[in-house]
Amino acid sequence: MAGIYIHIPFCKKACHYCDFHFSTTLNNMDEMVQAICNELILKKNRFNDSIGSIYFGGGTPSLLSETAFGKIFNTIFKNYTVNSNSEITIEANPDDLDNQRITMFRQFPVNRFSIGVQSFFEEDLIWMNRAHNASEAESSIKRAQDKGFENLTIDLIYGYPLLSDKKWRSNLNKAIELNIPHLSAYAMTVEAKTAMAHAIKLGKQPNIDDEQSAQQFLFMVNTLQKANFEQYEISNFAKEGKYAVHNTNYWKGIPFLGIGPSAHGYDGKSRQYNISNNPIYIKNLLQNKLAETIEILSLADQFNEYIMTQLRTMWGLDLLYIEQKFGLSAKKHFINNIQKHLKNENLVQENNNFYLSANGKLYADRVASDLFLEMEDFEN
Ligand code: SF4
(Lines give C-alpha, C1' and ligand atoms only; values in the text may rest on other atoms or scores of the structure.)
Protein backbone atom coordinates (compact mmCIF):
# COMPACT_ATOMS: atom_id res chain seq x y z
CA MET A 1 0.00 0.00 0.00
CA ALA A 2 1.27 3.43 -0.95
CA GLY A 3 1.75 6.41 1.36
CA ILE A 4 1.16 10.14 1.35
CA TYR A 5 3.62 12.55 2.94
CA ILE A 6 2.36 16.12 3.43
CA HIS A 7 4.89 18.81 4.31
CA ILE A 8 3.51 21.71 6.37
CA PRO A 9 6.20 24.39 6.00
CA PHE A 10 5.51 26.64 9.00
CA CYS A 11 7.09 26.95 12.44
CA LYS A 12 6.60 29.37 15.33
CA LYS A 13 10.36 29.75 15.85
CA ALA A 14 13.48 28.66 13.99
CA CYS A 15 15.34 26.03 16.02
CA HIS A 16 19.04 26.86 15.90
CA TYR A 17 20.13 23.56 14.38
CA CYS A 18 17.38 23.10 11.80
CA ASP A 19 17.80 23.16 8.02
CA PHE A 20 14.40 21.75 7.07
CA HIS A 21 12.19 23.82 4.82
CA PHE A 22 9.89 26.08 6.88
CA SER A 23 8.85 29.68 7.28
CA THR A 24 8.06 31.58 10.47
CA THR A 25 5.80 33.88 8.44
CA LEU A 26 2.40 32.39 9.07
CA ASN A 27 0.19 34.76 7.13
CA ASN A 28 -0.29 32.65 4.00
CA MET A 29 -1.40 29.45 5.71
CA ASP A 30 -4.89 29.42 4.14
CA GLU A 31 -3.46 29.72 0.64
CA MET A 32 -0.94 27.02 1.46
CA VAL A 33 -3.70 24.64 2.55
CA GLN A 34 -5.60 25.30 -0.68
CA ALA A 35 -2.41 24.71 -2.69
CA ILE A 36 -1.81 21.41 -0.85
CA CYS A 37 -5.39 20.30 -1.58
CA ASN A 38 -4.92 21.18 -5.26
CA GLU A 39 -1.72 19.14 -5.39
CA LEU A 40 -3.48 16.17 -3.76
CA ILE A 41 -6.14 16.32 -6.49
CA LEU A 42 -3.61 16.75 -9.31
CA LYS A 43 -1.67 13.67 -8.14
CA LYS A 44 -4.62 11.43 -7.36
CA ASN A 45 -4.01 9.06 -10.28
CA ARG A 46 -0.29 8.59 -9.73
CA PHE A 47 -0.77 5.22 -8.02
CA ASN A 48 -3.39 2.53 -8.53
CA ASP A 49 -2.71 1.25 -5.06
CA SER A 50 -4.74 2.19 -2.00
CA ILE A 51 -3.20 4.33 0.76
CA GLY A 52 -1.82 2.64 3.88
CA SER A 53 -0.11 5.57 5.55
CA ILE A 54 -0.57 9.33 5.73
CA TYR A 55 2.12 11.41 7.40
CA PHE A 56 1.95 15.13 8.16
CA GLY A 57 5.55 16.31 8.60
CA GLY A 58 7.25 19.65 8.59
CA GLY A 59 7.74 22.27 9.69
CA THR A 60 5.10 22.01 12.36
CA PRO A 61 1.84 20.39 11.18
CA SER A 62 0.27 20.82 14.63
CA LEU A 63 0.10 24.56 13.88
CA LEU A 64 -2.70 24.01 11.34
CA SER A 65 -6.23 25.00 12.30
CA GLU A 66 -9.17 22.63 12.65
CA THR A 67 -10.60 24.01 9.38
CA ALA A 68 -7.30 23.35 7.59
CA PHE A 69 -7.13 19.73 8.77
CA GLY A 70 -10.79 19.27 7.82
CA LYS A 71 -10.11 20.56 4.32
CA ILE A 72 -7.03 18.36 3.77
CA PHE A 73 -8.67 15.20 5.15
CA ASN A 74 -11.82 15.80 3.04
CA THR A 75 -9.66 16.14 -0.05
CA ILE A 76 -7.72 12.96 0.72
CA PHE A 77 -10.78 10.84 1.48
CA LYS A 78 -12.67 12.15 -1.56
CA ASN A 79 -9.84 11.45 -4.00
CA TYR A 80 -7.97 8.42 -2.63
CA THR A 81 -8.90 4.99 -1.34
CA VAL A 82 -7.57 5.02 2.20
CA ASN A 83 -7.28 1.64 3.88
CA SER A 84 -9.36 1.45 7.07
CA ASN A 85 -6.37 0.54 9.23
CA SER A 86 -3.99 3.11 7.78
CA GLU A 87 -1.43 4.73 10.03
CA ILE A 88 -2.21 8.48 10.12
CA THR A 89 0.50 10.48 11.87
CA ILE A 90 0.75 14.15 12.79
CA GLU A 91 4.09 15.61 13.79
CA ALA A 92 3.31 17.84 16.75
CA ASN A 93 5.26 20.21 18.94
CA PRO A 94 4.55 19.79 22.66
CA ASP A 95 3.29 23.39 23.03
CA ASP A 96 0.54 22.70 20.47
CA LEU A 97 -0.85 19.68 22.29
CA ASP A 98 -3.10 21.24 24.90
CA ASN A 99 -6.34 19.48 25.90
CA GLN A 100 -8.44 21.40 23.43
CA ARG A 101 -6.17 20.63 20.46
CA ILE A 102 -5.87 16.95 21.32
CA THR A 103 -9.65 16.69 21.58
CA MET A 104 -9.88 18.45 18.21
CA PHE A 105 -7.67 15.74 16.64
CA ARG A 106 -10.11 13.07 17.88
CA GLN A 107 -12.67 14.14 15.26
CA PHE A 108 -10.15 13.37 12.49
CA PRO A 109 -8.83 9.92 11.59
CA VAL A 110 -5.47 10.72 13.23
CA ASN A 111 -4.17 7.69 15.17
CA ARG A 112 -0.54 8.59 15.88
CA PHE A 113 1.44 11.60 17.07
CA SER A 114 5.13 12.13 16.53
CA ILE A 115 6.03 14.60 19.28
CA GLY A 116 9.13 16.77 18.89
CA VAL A 117 10.37 16.58 22.49
CA GLN A 118 14.16 16.72 21.77
CA SER A 119 15.04 17.03 25.49
CA PHE A 120 13.26 17.13 28.85
CA PHE A 121 15.70 19.81 30.13
CA GLU A 122 14.69 23.46 30.05
CA GLU A 123 18.21 24.80 29.44
CA ASP A 124 18.65 22.48 26.44
CA LEU A 125 15.35 23.59 24.90
CA ILE A 126 16.29 27.25 25.35
CA TRP A 127 19.71 26.57 23.81
CA MET A 128 18.04 24.86 20.82
CA ASN A 129 15.54 27.77 20.54
CA ARG A 130 12.59 25.37 20.71
CA ALA A 131 9.09 26.83 21.05
CA HIS A 132 8.17 24.54 23.98
CA ASN A 133 9.42 24.21 27.54
CA ALA A 134 10.42 21.20 29.62
CA SER A 135 7.13 20.85 31.43
CA GLU A 136 5.19 20.88 28.12
CA ALA A 137 7.57 18.20 26.79
CA GLU A 138 6.35 15.81 29.46
CA SER A 139 2.76 16.94 29.95
CA SER A 140 1.92 16.81 26.22
CA ILE A 141 2.71 13.09 26.15
CA LYS A 142 0.59 12.40 29.22
CA ARG A 143 -2.31 14.45 27.85
CA ALA A 144 -2.24 12.61 24.52
CA GLN A 145 -2.22 9.27 26.37
CA ASP A 146 -5.09 10.38 28.64
CA LYS A 147 -7.14 11.21 25.55
CA GLY A 148 -6.60 7.71 24.18
CA PHE A 149 -3.65 8.26 21.82
CA GLU A 150 -1.52 5.26 22.68
CA ASN A 151 0.43 5.15 19.45
CA LEU A 152 2.99 7.86 20.16
CA THR A 153 6.55 8.42 19.15
CA ILE A 154 8.89 11.13 20.40
CA ASP A 155 12.07 12.60 18.96
CA LEU A 156 15.16 13.08 21.11
CA ILE A 157 18.54 14.58 20.19
CA TYR A 158 21.93 13.57 21.59
CA GLY A 159 25.55 14.59 21.06
CA TYR A 160 25.37 18.35 21.71
CA PRO A 161 27.66 20.24 24.10
CA LEU A 162 25.04 20.87 26.80
CA LEU A 163 24.01 17.23 27.04
CA SER A 164 26.11 15.51 29.70
CA ASP A 165 25.96 11.72 29.86
CA LYS A 166 23.95 12.07 33.06
CA LYS A 167 21.34 14.23 31.33
CA TRP A 168 21.20 11.85 28.38
CA ARG A 169 20.56 8.95 30.76
CA SER A 170 17.83 10.98 32.40
CA ASN A 171 16.18 11.83 29.03
CA LEU A 172 16.17 8.18 28.01
CA ASN A 173 14.82 7.06 31.38
CA LYS A 174 12.07 9.65 31.20
CA ALA A 175 11.07 8.38 27.74
CA ILE A 176 11.00 4.80 29.05
CA GLU A 177 8.94 5.81 32.12
CA LEU A 178 6.40 7.57 29.93
CA ASN A 179 5.55 4.22 28.38
CA ILE A 180 5.64 5.22 24.75
CA PRO A 181 5.88 2.45 22.13
CA HIS A 182 8.28 4.20 19.73
CA LEU A 183 11.20 6.61 19.88
CA SER A 184 13.45 8.25 17.29
CA ALA A 185 16.79 9.70 18.37
CA TYR A 186 19.16 11.68 16.20
CA ALA A 187 22.71 12.85 16.68
CA MET A 188 22.98 16.63 16.55
CA THR A 189 24.60 17.64 13.27
CA VAL A 190 25.80 21.05 12.19
CA GLU A 191 24.05 22.02 8.97
CA ALA A 192 25.39 24.89 6.86
CA LYS A 193 23.50 28.20 7.08
CA THR A 194 21.92 27.42 10.45
CA ALA A 195 22.24 29.68 13.51
CA MET A 196 24.24 26.91 15.17
CA ALA A 197 26.77 26.72 12.31
CA HIS A 198 27.15 30.49 12.51
CA ALA A 199 27.71 30.46 16.30
CA ILE A 200 30.33 27.73 15.97
CA LYS A 201 32.08 29.65 13.20
CA LEU A 202 32.23 32.75 15.40
CA GLY A 203 33.60 30.68 18.29
CA LYS A 204 30.52 31.44 20.40
CA GLN A 205 29.90 27.79 21.07
CA PRO A 206 31.93 24.60 20.80
CA ASN A 207 31.61 22.32 17.82
CA ILE A 208 29.86 18.96 18.05
CA ASP A 209 32.08 16.28 19.55
CA ASP A 210 31.88 13.09 17.45
CA GLU A 211 33.28 11.00 20.27
CA GLN A 212 30.54 12.20 22.65
CA SER A 213 27.91 11.43 19.97
CA ALA A 214 29.26 7.92 19.45
CA GLN A 215 29.34 7.18 23.20
CA GLN A 216 25.83 8.51 23.73
CA PHE A 217 24.59 6.51 20.73
CA LEU A 218 26.02 3.27 22.13
CA PHE A 219 24.64 4.05 25.59
CA MET A 220 21.18 4.66 24.09
CA VAL A 221 21.20 1.38 22.13
CA ASN A 222 22.08 -0.53 25.26
CA THR A 223 19.58 1.29 27.51
CA LEU A 224 16.67 0.95 25.10
CA GLN A 225 17.44 -2.68 24.40
CA LYS A 226 17.18 -3.39 28.15
CA ALA A 227 13.82 -1.61 28.13
CA ASN A 228 12.56 -3.99 25.37
CA PHE A 229 12.84 -1.58 22.49
CA GLU A 230 13.92 -3.08 19.20
CA GLN A 231 16.35 -0.98 17.16
CA TYR A 232 14.68 -1.61 13.81
CA GLU A 233 16.58 1.22 12.14
CA ILE A 234 19.69 3.06 13.30
CA SER A 235 17.75 6.01 14.73
CA ASN A 236 14.42 4.29 15.38
CA PHE A 237 13.34 2.08 18.27
CA ALA A 238 10.00 0.34 18.76
CA LYS A 239 8.30 -1.94 21.23
CA GLU A 240 7.18 -5.23 19.68
CA GLY A 241 5.18 -4.72 16.50
CA LYS A 242 5.08 -0.93 16.89
CA TYR A 243 7.24 -0.11 13.89
CA ALA A 244 6.22 3.11 12.15
CA VAL A 245 4.45 2.17 8.91
CA HIS A 246 5.45 5.44 7.24
CA ASN A 247 9.17 5.08 8.04
CA THR A 248 9.26 1.36 7.30
CA ASN A 249 7.63 1.85 3.91
CA TYR A 250 10.21 4.51 3.10
CA TRP A 251 13.12 2.20 3.94
CA LYS A 252 11.52 -0.70 2.06
CA GLY A 253 11.12 1.37 -1.10
CA ILE A 254 7.31 1.43 -1.09
CA PRO A 255 5.92 4.26 -3.26
CA PHE A 256 4.66 7.44 -1.65
CA LEU A 257 3.45 10.83 -2.79
CA GLY A 258 5.22 13.97 -1.62
CA ILE A 259 2.82 16.88 -1.16
CA GLY A 260 3.70 20.44 -0.10
CA PRO A 261 6.78 22.60 -0.66
CA SER A 262 10.10 20.72 -0.45
CA ALA A 263 8.32 17.36 -0.16
CA HIS A 264 9.62 14.54 -2.28
CA GLY A 265 7.88 11.45 -3.55
CA TYR A 266 9.00 8.08 -4.87
CA ASP A 267 7.42 5.59 -7.24
CA GLY A 268 10.09 2.93 -7.57
CA LYS A 269 11.49 4.36 -10.81
CA SER A 270 11.73 8.10 -10.12
CA ARG A 271 11.89 10.68 -7.37
CA GLN A 272 9.82 13.83 -7.54
CA TYR A 273 11.04 16.94 -5.72
CA ASN A 274 8.71 19.86 -4.98
CA ILE A 275 10.11 23.36 -4.97
CA SER A 276 11.35 24.58 -1.55
CA ASN A 277 9.79 28.01 -1.78
CA ASN A 278 6.38 28.74 -0.24
CA PRO A 279 5.24 31.68 -2.46
CA ILE A 280 6.29 29.97 -5.72
CA TYR A 281 4.71 26.68 -4.62
CA ILE A 282 1.46 28.46 -3.75
CA LYS A 283 1.43 30.50 -6.96
CA ASN A 284 1.85 27.37 -9.12
CA LEU A 285 -0.58 25.16 -7.30
CA LEU A 286 -3.30 27.81 -7.14
CA GLN A 287 -3.11 27.74 -10.94
CA ASN A 288 -3.25 23.92 -10.81
CA LYS A 289 0.35 23.59 -11.97
CA LEU A 290 2.69 21.17 -10.24
CA ALA A 291 5.95 22.67 -8.95
CA GLU A 292 8.11 19.55 -9.05
CA THR A 293 11.27 18.25 -10.64
CA ILE A 294 11.30 14.60 -11.63
CA GLU A 295 14.51 12.62 -11.46
CA ILE A 296 14.44 9.28 -13.26
CA LEU A 297 16.47 6.81 -11.25
CA SER A 298 18.99 4.73 -13.17
CA LEU A 299 19.49 1.11 -12.14
CA ALA A 300 22.63 2.27 -10.30
CA ASP A 301 20.60 4.96 -8.45
CA GLN A 302 18.01 2.35 -7.47
CA PHE A 303 20.74 0.00 -6.25
CA ASN A 304 22.41 2.79 -4.23
CA GLU A 305 19.07 3.82 -2.68
CA TYR A 306 18.43 0.23 -1.69
CA ILE A 307 21.86 0.04 -0.03
CA MET A 308 21.53 3.42 1.68
CA THR A 309 18.09 2.86 3.18
CA GLN A 310 17.94 -0.88 3.80
CA LEU A 311 21.42 -1.13 5.32
CA ARG A 312 20.25 1.08 8.19
CA THR A 313 17.46 -1.35 9.10
CA MET A 314 17.38 -4.56 11.09
CA TRP A 315 16.26 -6.36 7.91
CA GLY A 316 19.64 -5.66 6.33
CA LEU A 317 20.70 -6.33 2.74
CA ASP A 318 19.47 -9.40 0.91
CA LEU A 319 21.84 -10.94 -1.63
CA LEU A 320 19.06 -12.86 -3.40
CA TYR A 321 17.07 -9.64 -3.85
CA ILE A 322 20.17 -7.89 -5.21
CA GLU A 323 20.70 -10.62 -7.79
CA GLN A 324 17.05 -10.79 -8.76
CA LYS A 325 16.47 -7.03 -9.06
CA PHE A 326 19.89 -5.74 -10.16
CA GLY A 327 21.50 -8.74 -11.87
CA LEU A 328 24.70 -10.75 -11.58
CA SER A 329 27.16 -7.91 -12.08
CA ALA A 330 25.63 -5.96 -9.17
CA LYS A 331 25.81 -9.09 -7.03
CA LYS A 332 29.49 -9.58 -7.95
CA HIS A 333 30.28 -5.94 -7.18
CA PHE A 334 28.46 -6.24 -3.85
CA ILE A 335 30.28 -9.42 -2.81
CA ASN A 336 33.67 -7.89 -3.66
CA ASN A 337 32.97 -4.72 -1.70
CA ILE A 338 31.54 -6.24 1.46
CA GLN A 339 34.67 -8.31 2.18
CA LYS A 340 36.57 -5.59 4.01
CA HIS A 341 33.54 -4.72 6.13
CA LEU A 342 32.96 -8.37 7.04
CA LYS A 343 36.61 -8.61 8.00
CA ASN A 344 36.58 -5.50 10.19
CA GLU A 345 33.22 -6.64 11.62
CA ASN A 346 31.20 -3.62 10.57
CA LEU A 347 28.94 -6.10 8.77
CA VAL A 348 27.59 -9.44 9.94
CA GLN A 349 26.42 -12.17 7.55
CA GLU A 350 23.53 -14.51 8.22
CA ASN A 351 22.90 -16.81 5.25
CA ASN A 352 22.09 -14.42 2.39
CA ASN A 353 21.54 -11.37 4.60
CA PHE A 354 24.01 -8.73 5.69
CA TYR A 355 23.49 -6.44 8.69
CA LEU A 356 25.45 -3.70 10.38
CA SER A 357 27.04 -4.87 13.63
CA ALA A 358 26.46 -2.80 16.79
CA ASN A 359 29.71 -0.95 16.15
CA GLY A 360 29.16 -0.87 12.37
CA LYS A 361 26.06 1.28 12.96
CA LEU A 362 28.45 4.13 13.80
CA TYR A 363 29.88 3.87 10.28
CA ALA A 364 26.70 3.22 8.28
CA ASP A 365 27.29 6.03 5.78
CA ARG A 366 30.86 4.95 5.11
CA VAL A 367 29.87 1.30 4.63
CA ALA A 368 27.01 2.29 2.32
CA SER A 369 29.19 4.51 0.14
CA ASP A 370 31.75 1.69 -0.21
CA LEU A 371 28.98 -0.50 -1.62
CA PHE A 372 27.57 2.04 -4.08
CA LEU A 373 28.00 1.38 -7.77
CA GLU A 374 27.96 3.35 -11.03
CA MET A 375 26.16 2.47 -14.25
CA GLU A 376 29.47 1.40 -15.81
CA ASP A 377 29.73 -1.32 -13.15
CA PHE A 378 26.81 -3.12 -14.81
CA GLU A 379 27.99 -5.57 -17.46
CA ASN A 380 25.90 -5.63 -20.61
S1 SF4 B 1 10.09 22.89 14.87
FE2 SF4 B 1 11.11 21.31 13.62
S3 SF4 B 1 11.02 22.04 11.51
FE4 SF4 B 1 10.53 23.79 12.86
S5 SF4 B 1 12.48 24.83 13.11
FE6 SF4 B 1 12.26 23.41 14.84
S7 SF4 B 1 13.26 21.50 14.16
FE8 SF4 B 1 12.92 22.78 12.34
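The name an unreviewed UniProt entry assigns to the protein is Heme chaperone HemW, from the organism Pedobacter flavus. Per its UniProt entry, the protein bears the Subcellular location (unreviewed entry) comment "Cytoplasm".

This part takes up the overall build of the protein. In terms of regular secondary structure, the protein is built from 14 helices and 15 strands. The C-alpha radius of gyration of the protein comes to 21 Å, within 12% of the 21 Å expected for a compact globule of 380 residues. Once the C-alpha set of the protein is aligned to its principal axes, its extents read approximately 55 × 50 × 45 Å. With 380 residues in all, the protein has 53% of them scored as buried. Excluding contacts between residues fewer than 6 apart, the proportion of contacts in the protein whose partners are at least 24 apart in sequence is 70%. Of the roughly 17,700 Å² of accessible surface on the protein, a fraction of 48% belongs to carbon and sulfur atoms. Computing the positive centroid from 37 side-chain charges and the negative centroid from 43, the protein places the two 3 Å apart.

Now for the site of the ligand. As a matter of local geometry, the ligand sits amid Cys11, Lys13, Cys15, Tyr17, Cys18, Phe20, Phe22, Gly59, Thr60, Asn93 and Arg130. Here the residues of the shell around the ligand sort into six nonpolar, three polar and two charged.

A few words on helix H12 (residues 319-326). Turning to H12, its buried residues number three or more, namely Leu319, Ile322 and Phe326. The buried residues of H12 occupy an angular sector of 65° when the element is viewed end-on, so they sit on one face. Exposed residues lying more than 90 degrees from the buried face of H12 are Leu320 and Gln324. Buried residues in H12 make contact with helix H11 (299-310), strand E13 (317-318), helix H13 (328-343) and strand E15 (353-356).

Read across the open sheet, the three strands follow the order E13-E15-E14; overall the sheet is antiparallel. Lying at the two open borders of the sheet, with one neighbouring strand each, are E13 and strand E14 (347-350). The sheet contact formed by E14 and E15 spans four bridges and is antiparallel. Opposite glutamine 349, over in E15, you have phenylalanine 354 as the bridge partner.

Time to look at the pairing of strand E1 (residues 2-8). Most of E1 sits inside the fold, with seven of its seven residues counted as buried. Taking every second residue as pointing to the same face, both faces of E1 are buried, with Ala2, Ile4, Ile6 and Ile8 on one and Gly3, Tyr5 and His7 on the other. Considered for its hand, the β-α-β crossover made up of E1, helix H1 (residues 29-42) and strand E2 (residues 51-58) is right-handed.

Looking along the chain, the bond that leaves glycine 58 and enters glycine 59 is cis, with omega of 20°. Although it is not a glycine, asparagine 288 adopts a positive phi angle of roughly 55°. In this structure, asparagine 288 sits in the loop between helix H10 (278-286) and strand E12 (292-296). For asparagine 351, which is not glycine, the phi torsion reads 50° and is therefore positive. Its location among the elements puts asparagine 351 in the loop between E14 and E15.

In terms of domains, the protein is made up of domain 1 (2-251) and domain 2 (300-377). Put simply, the middle of domain 1 and the middle of domain 2, counted by C-alpha atoms, are 29 Å apart. Listed per partner, the contact involves 13 residues of domain 1 and eleven residues of domain 2. Where domain 1 abuts domain 2, roughly 1,100 Å² becomes buried across the two surfaces, and 66% of that area is made up of carbon and sulfur atoms.

Here threonine 223 lies in helix H8 (residues 210-226). Taking the relative accessible area as the measure of exposure, threonine 223 reaches 14% and is therefore buried. At 2.7 Å, the side chain of threonine 223 and the backbone oxygen of phenylalanine 219 are in polar contact. When sequence neighbours within four positions are dropped, the list of residues in contact with threonine 223 reads Leu172, Asn173 and Ile176.

Conventions used here
Residues numbered from 1 in each chain as written. Predicted model: local features only at pLDDT ≥ 70, side-chain atom pairs only at ≥ 80, totals over all residues. Heavy atoms only, no water. UniProt positions renumbered as here; feature names shortened; annotations may be inferred. Helix = DSSP H or I, 4+ residues; strand = E, 2+ residues; numbered from the N terminus. Rg over C-alpha atoms; globule rule 2.2 N^0.38 Å. Buried < 20%, exposed > 50% of the residue type's maximum accessible area, 1.4 Å probe, protein only. Contact = heavy atoms within 4.5 Å. Areas by Shrake-Rupley, 256 points an atom, 1.4 Å probe, with all protein chains shown as cover. Lys, Arg positive; Asp, Glu negative; His and termini not counted. Charge placed at Lys NZ, Arg CZ, Asp CG, Glu CD. Near = heavy atom within 4 Å. Nonpolar A, V, L, I, M, F, W, Y, C, P; charged D, E, K, R; others polar. Arc of directions from axis to C-beta. Pairing = 2+ DSSP bridges. Right-handed = clockwise from strand over helix to strand, strands pointing away. Domains from an automatic or database assignment. Buried area = accessible area lost by both parts, 1.4 Å probe. Polar contact = N/O pair within 3.5 Å; in protein donor to acceptor, adjacent residues only side chain to side chain.

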